[in-house]
Amino acid sequence: MAGTQDAATELLFYVNGRKVIEKNADPETMLLPYLRKKLRFTGTKYGCGGGGCGACTVMISRYNPITKSIRHYPANACLVPICSLYGAAVTTVEGIGSTSTRIHPVQERIAKCHGTQCGFCTPGMVMSMYTLLRNHPEPSLDQLTDALSGNLCRCTGYRPIIDACKSFCKTTDCCQSKENGVCCLDEEINELPGFEEGSKTCPKLFSEEAFLPLDPTQELIFPPELMIIAEKQPQRTRVFGGERMTWISPATLKELLEAKVNYPQAPIVMGNTSVGPEVKFKGIFHPVILFPGSIAELSVVKHADNGLTVGAGLSLAQVKEILSDVVQKLPEEKTQTFRALLKHLGTLAGSQIRNMATLGGHIMSRHLDSDLNPLLAVGNCTLNLLSKDGERQIPLNEQFLRKCSEADLKPKEILISVNIPYSRKWEFVSAFRQAQRRQNALAIVNSGMRVFFGGGDGIIRELSISYGGVGPTTICAKNACQKLIGRPWNEEMLDAACRLILDEVSLPGSAPGGKVEFKRTLIISFLFKFYLEVSQILKRLDPVHYPSLADKYESALEDLHSKHHWSISKYQNVDPRQLPQDPVGHPIMHLSGIKHATGEAIYCDDMPAVDQELFLTFVTSSRAHAKILSIDLSEALSLPGVVDIVTAEHLQGVNSFCLSTEPEMLLATDEVFCVGQLVCAVVADSEVQAKRAAKQVNIVYEDLEPVILTIEEAIQHNSFFEPERKLEYGNVDEAFKVVDQILKGEIHMGGQEHFYMETQSMLVVPKGEDQEIDVYVSTQFPKYIQDIVASTLKVPSNKVMCHVRRVGGAFGGKVTKTGIMAAITAFAANKQGRAVRCILERGEDMLITAGRHPYLGKYKVGFMNDGRILALDMVHYSNGGAFLDESLFVIEMGILKMDNAYKFPNLRCRGLACRTNLPSNTALRGFGFPQAGLITESCITEVAAKCGLSPEKVRMINMYKEIDQTPYKQEIDAKNLIQCWRECMAMSSYPLRKAAVEKFNAENYWKKKGLAMVPLKFPVGLCSRAAGQAAALVHIYLDGSVLVTHGGIEMGQGVHTKMIQVASRELRMPMSNVHLRGTSTETIPNANISGGSVVADLNGLAVKDACQTLLKRLEPIIIKNPQGTWKDWAQAAFDESISLSAIGYFRGYESNMDWEEGKGHPFEYFVYGAACSEVEIDCLTGDHKNVRTDIIMDVGCSINPALDIGQIEGAFIQGMGLYTIEELNYSPKGVLYTRGPNQYKIPAICDIPTELHVSLLPPSQNSNTLYSSKGLGESGLFLGCSVFFAIRDALSAARQERGVSGQLKLSSPLTPERIRMACEDKFTKMIPRDAPGSYVPWNIPV
Ligand SMILES: Cc1cc2nc3c(=O)[nH]c(=O)nc-3n(C[C@H](O)[C@H](O)[C@H](O)COP(=O)(O)OP(=O)(O)OC[C@H]3O[C@@H](n4cnc5c(N)ncnc54)[C@H](O)[C@@H]3O)c2cc1C
Ligand code: FES
Ligand code: FES
């Protein structure tokens, strides 16, 4: 390029106040790996690599020499090319505070409010919040939720994070809800009833008084050098040449235009939020990139007579600010398009993306689901283009959006700005969108609509309607709109418009993205909303000529509840007789909380590189069932940096390992059984090289039959894992003969992805001596990793040591597949004699590791007209995938727990795990119970509908009520279950609110509310004593400090914190005196898996045992010197040759299960609870909002109410995701489409209940467990189904009003698609339907 010869090639920016000069900046390098690997700032985390999770959030600050102002904004480091950072200051979590200097108030409060569990999302949360506070030291609640909209957390359920952030807001503690004149501070509805008389409850889990104040003067200043450079130094073009790519940052507009002549194909990268993901996920390569970051002309804002001109280089967040400002100043009639744009800018992506992405980049990307382009198109916007040849304007119309060459930019042109015209009197513009999740989710369908009447006569003069999500780009319904011109705005016009538009904007049955009928329905539902909206305004402007909307229909126009969050957590104070220093029962902060928040907590991939370390990546099968004809490795092996490729051939004799009854294969041999099966592993010097080589491995397949993907196909092919399980109680067949009614039904439930924030990670280090090997791995089961690695390396287990400091979330997903991958990684490390690291990308992780089993439940139920269920015959089918994994155990647990809280006097339940050609599903929090419980609750709801009773009534009628027997003949005392149910009824004011819901439903046609209450009896135990044994090792050092080690894994649940509380109580010493370093097979051998809610139970008993042993030994010494310190006692013990180390042991609870006899004592105790949820649904779009949830749980005597409430809330939100928005999509060929947060939606901050009340039942004693506590890891998840049934309740109301009869068959999750399509109405009747079998659908339910 002309002028680039003398260009500057040095990159200069600041990170955390330190200057970084990069002489060889590679344009392909993103900020995230640069921070983590090069600068060793590992606080910033990798969660997805595509801008969708927020784990990598940093603050970027730039100085503008023209306005003389500094802009601080949050950014996703995974999408920021380092070359774009010239002159910028980057602040990471390490830059704002640390334990060695001073922690920042944001870091302190998020930790002290218990806003961290696994801590992996925490640095990102901290940085989003910190950036907000830099710009607004006293933010509003809206700004707060907006700032966190791009940050996902899988553990906490967000409530404590909001609490922490709210402490900076300038508000009262009020919920700000005044619906029906009632708010949280009004006692009648929200005041929680007191517990038993005399009990003391303590609603505060943290004390705000102790918080450090926020002092903006203490913040890191913007580097003066960067200001000087920006002000004084002449701008120079900068060119950074990488191995494959050249980055050009022209200094002036003129140079940019010249560069565009020289490199017409080069993209103009602005925010990189469109180009970046395409490069990363679609493999698109650009040899040259143009980056006009510093060109002021791209940031113009001009007000003119014809509208507002906005620079193409302004970020979407800046555009939002500008438009907000304009709508405040100008009359409403002029700002219709601006208002519509603002509506979408409020939900488009998260805050980080909105701050990075630019208007120009957004328009030019022309994404099919662009939120802004449909609006800009209907708003008659024009694009101002510039090239060396001069200026030109083109309309942003359909031809432009379709990239028709005559309507598009010429290769030499750039988009300089956009003109958005003012609207006119009698002109109305609206925006609509529906996505799987309200915020930070691409729209399923969106739309921009504009009508111009010309005058008050209501005759359409201009009409313009565009849709996104329904074609390859934004689609304009031009012909339909043309035909409607001249028609009056009335119902006949609407009817004609719906038909014309459905005709023009047609979608084939096999359209990509699926949800075809839903999309068709949305197309006209949005139109109806627009019709109503405009009618309402016309009525307002001219009440004489326009009819009023019936009150009932106005509900179509209101947005769903978006009030501010409000929560109450209630637990019981400790017994006043408890020693003041005893921490048991207190809401102690997570031991690593502060370190999570400062980024100092070290996860597997944060460990520094070992000398000569290699990286391993997997090549996986692209076929669901096929023979491998050949694998050609030659091309991959010839690439630079590639060291080895491990195939099944290398693993001969060790290529399988047996965890349960069937051996699991490590690498595929000559046949593959699912897409995503591991075929070989490429080992290279770097991650980039390994990934590039993996793409060059050439595998030739021959497809095999059958390909079984769905449960129905497995049933047809009789494809099951053995054995089938069955549980029978009473006499089912006889009972069916005496019942009043018999009903048959079925429910299908989709699977769930673990979505732990830290992907599968491992680092294997051969020690170079005696065949020893160290495995650092993110796992729940170090012993299993040790075993499988030892077996693969053919060495005894005593040579393999597995170490786990902490895990960034696991939820059951870091056991079997982790073991297989660790074995292969260890094999490679051993073979090369070099350390090997393997970190899965999010997409690989989701594909390879699978998750919760999809279920099909079929039932036949016999009941009396009063709701009593006398006979139940049920079959559970799970989709197990290609290999056994834990499928059988999951089926067994499902059967044993299917009764939930109900006494079915005559019951038969069979369970079969289907063998299919999908990646094998595995353990996930709840382990079969969430599926089995949902089937049972669905059956009960159906029975209630048949009897004309409320589901809650039928639930109560059939509930266990006293001392009774489960179907496997274990005794149960249901006292606490009933108490939970009653407390929940009272706490939620159920009868009052049920009546309010009914009133609301009678008054609103297009919005409905629903209320549902669900009980919980969650059995805790592992069905085997051996599986429940645990050990601990406690050392006292001569300075009196104590080191505790136990077999449990810290994965966010706070087990280490609880263990220190135990040691502190037992040894009667402050917690600060006790330390815990992590878990290792070296210190605690043969430890059981950490899972099944019992980690703290079992290990706590072992820690207690060890401490008691020590205390017993030391008692004589302490008695001799009662005023002494631990240092004195330890020294005295040493002098007397008394051992200061003790092993603690717990044998496990007595438990057994005899499947032949159908009886046993598989569980130690039951966790009881209940939840009541209220939702509101939008019958036209399928959207829903959880208005309020009340949860009550019987946790026994809580060891740590903050951690326990955290588990309940986190699990509840995860369950809510499972039953409502988390949807995995598979192609008809068995390929998983949903491979990251952009396709798979876990709950975000916008999804949590507006009001959340969590209460713990007053403590009850249970002598067998640790201090009478109960394990809570899993149980709360099931309570998420109260939201499912509340939606069902709302749907029933809608259908009843519309006269829709017949059984309401609903599958889980209840997505917007399912909600909308269940609300049958004139629009669902109007859409074309494709005959099944007449097309190949995009996805299939598995
Ligand atoms: C996690 C995530 C969530 C998202 N969610 C949403 C959402 O909810 N709704 C939605 O609508 N969108 C969403 N998006 C898409 C987002 O809006 C676009 O990626 C973004 O607007 C593109 O802007 P950019 O500046 O980053 O473009 P870049 O990636 O920098 O560039 C994109 C394209 O525009 C061209 N270009 C840029 N500027 C010019 C110019 N001045 N002249 C000529 N060509 C130019 C480039 O050549 C390139 O081809 C999301 C994206 C991500 C990553
Ligand atoms: S890692 Fe960057 S957003 Fe997920
Ligand atoms: S604490 Fe948020 S992901 Fe674990």
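Rules of the game
- Residues numbered from 1 in each chain as written.
- Chains lettered and ligands numbered in written order.
- Predicted model: local features only at pLDDT ≥ 70, side-chain atom pairs only at ≥ 80, totals over all residues.
- Heavy atoms only, no water.
- UniProt positions renumbered as here; feature names shortened; annotations may be inferred.
- Helix = DSSP H or I, 4+ residues; strand = E, 2+ residues; numbered from the N terminus.
- Expected span 1.5 Å × (residues − 1).
- Buried < 20%, exposed > 50% of the residue type's maximum accessible area, 1.4 Å probe, protein only.
- Near = heavy atom within 4 Å.
- Polar contact = N/O pair within 3.5 Å; in protein donor to acceptor, adjacent residues only side chain to side chain.
- Areas by Shrake-Rupley, 256 points an atom, 1.4 Å probe, with all protein chains shown as cover.
- Nonpolar A, V, L, I, M, F, W, Y, C, P; charged D, E, K, R; others polar.
- Pairing = 2+ DSSP bridges.
- Axes fitted to C-alpha atoms, helices over the stretch in contact; angles between N-to-C directions.
- Contact = heavy atoms within 4.5 Å.

Labelled according to an unreviewed UniProt entry, the protein appears under the name aldehyde oxidase, originating from Loxodonta africana. In its Subcellular location (unreviewed entry) section, UniProt records this for the protein: "Cytoplasm".

Participant: I'd like a rundown of helix H38 (residues 1281-1297), residues and numbers included.
Facilitator: With 17 residues, H38 should reach 24 Å at 1.5 Å per residue; the first-to-last C-alpha distance of 24 Å fits that figure. Within H38, 13 of the 17 residues are buried, which leaves the element mostly enclosed by the surrounding structure. Two residues or fewer after H38 comes Gly 1299, characterised by a positive phi angle close to 75 degrees.

Participant: I'd like a description of the site of ligand 1, backed by residues and values.
Facilitator: If you check the shell around ligand 1, you find 32 residues, and the closest are Met 270, Thr 273, Thr 358, Asp 371 and Leu 415. Between ligand 1 and Val 275 there is a distance of 2.8 Å, counted from an oxygen atom to a backbone nitrogen or oxygen. Contact between ligand 1 and His 362: an oxygen atom at 2.9 Å from a side-chain N or O atom of the residue. The fraction of the free accessible surface of ligand 1 (980 Å²) that becomes covered by protein chains is 92%. Sort the elements by how many residues they give to the shell around ligand 1 and helix H14 (residues 359-365) lands first, with 5 residues. Broken down by class, the residue content of the shell around ligand 1 amounts to 15 nonpolar, 14 polar and 3 charged.

Participant: So what's going on with the sheet that holds strand S11 (residues 307-311)? Which residues, and what values?
Facilitator: A sheet is described by the order of its strands in space; here 5 strands give the open sequence S10-S11-S14-S12-S13, paired in antiparallel fashion. Each end of this open sheet is capped by a strand with a single partner; those strands are strand S10 (301-304) and strand S13 (390-395). Neighbour to neighbour, the strand axes of the sheet diverge by 20 degrees on average, direction disregarded. Inspection of the sheet shows strand S12 (residues 382-387) paired to S13 by 6 bridges, in the antiparallel sense. Bridge assignment links Ser 387 to a residue of S13, and that residue is Gly 390. Helix H9 (residues 253-262) rests against S12 and strand S14 (414-421) of the sheet, and its axis sits at about 115 degrees to S14. Contacts from helix H12 (residues 336-345) reach S11 and S14, with the element oriented near 115 degrees to S14.

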